[in-house]
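For reference, the chains in residue letters:
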Amino acid sequence: MISERLLVSSKYLNGFHCLADCGTDHGYLPIYAVEKGLVKHAYASDNKKYPLENARRNVEQSYLEEQITLVLADGLPYLNPEIDIVSILGLGGRSIATIIKEANTTYLKRLVLSPNSEAMFLRSFLQDNQWQIIAEEFLKDKGKFYPIIIVEKGKMSLTETELEFGPYILQNRPIAFLEYLSRFIQTLEAAVLNIQNEEEREKLTQRITTLKEVLE
């Protein structure tokens, strides 16, 4: 059974022709996407040999060698006109931005992204590079919180708060997001008590107030 994060991400692959899953690890997402008929073909790539060998075994055990191509690559240098959707899950937002920046995205119609850090940096990069967020999810999987950002080519103009947390996440206010934000506020409130510098304390207090306004 694939993880909750992969399952939620897979919803946004449906109807596309060929997936490139960058940083595929065990290859679970492309295998699931092909088995369920969400895409017709997939590329499973990783920049490390060991995860790719795990993916290879899983692909072979699923008898999908004809439909899933395994690639040892750093980033997405193998993109071609067949590939119309890319998923990059579980990397830092800065790393995801670098991969997208260095790729030839001419033929891509959609990106499914799940940064495990620096989501604000990633959203800012997307905004500056003609990518528009069309949907977002926020979930808790095995005790960790994950945003999932779905983008297609287009323009957007986000506020600072939307850049940090995501426009659709703020709009839909999923339960996992409210839990995440509550915990984040609690962590900052504990930190305030240990700050001696008055200016720094005031700055953090203002930050907490702003976050509480998001939570309300």
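To be clear, the structure that these remarks concern was listed above.
Below is a short write-up of the structure. What you see is a predicted model; the values in this text were computed from it and never measured.

## Here's the deal with the sheet that holds strand E7 (residues 144-153)
Strand pairing in a sheet relies on backbone hydrogen bonds, with the paired strands running either antiparallel or parallel.
Thought 1: Strand order in this open sheet of 7 strands is E3-E2-E1-E4-E5-E7-E6, and the pairing throughout is mixed. At either end of the open sheet lies a strand with only one pairing partner, and these are strand E3 (68-72) and strand E6 (131-141). Averaged over neighbouring strand pairs, the angle between their axes works out to 15 degrees when direction is ignored.
Thought 2: Note: strand E5 (residues 110-114) against E7, 3 bridges, orientation antiparallel. Bridge pairing links Val-112 to Ile-150 in E7.
Thought 3: Packing of helix H4 (residues 93-102) onto the sheet brings it into contact with strand E1 (18-22), strand E4 (85-89), E5 and E6, and relative to E5 it is tilted by some 160 degrees.
Thought 4: Contacts from helix H8 (residues 175-192) reach E6 and E7 within the one sheet, and its direction differs from that of E6 by about 75 degrees.

## Observations regarding the pattern of salt bridges
Thought 1: Per the stated rule, a full pass over the model turns up 9 salt bridges.
Thought 2: Among the salt bridges present, the one from Glu-179 reaches Lys-140, with a minimum N-O distance of 2.8 Å. A residue pair is termed long-range when its members are at least 10 positions apart, and Glu-179 in helix H8 and Lys-140 in strand E6 qualify at 39 residues.
Thought 3: Residue Glu-189 is joined to Lys-212 by a salt bridge in which the shortest nitrogen-to-oxygen separation is 2.8 Å. In this pair, Glu-189 sits in helix H8 while Lys-212 sits in helix H9 (residues 198-215), placing the two residues 23 residues apart along the sequence.

Scoring rules and cut-offs
Residues numbered from 1 in each chain as written. Predicted model: local features only at pLDDT ≥ 70, side-chain atom pairs only at ≥ 80, totals over all residues. Heavy atoms only, no water. Pairing = 2+ DSSP bridges. Helix = DSSP H or I, 4+ residues; strand = E, 2+ residues; numbered from the N terminus. Axes fitted to C-alpha atoms, helices over the stretch in contact; angles between N-to-C directions. Contact = heavy atoms within 4.5 Å. Salt bridge = Lys/Arg side-chain N within 4 Å of Asp/Glu carboxyl O.

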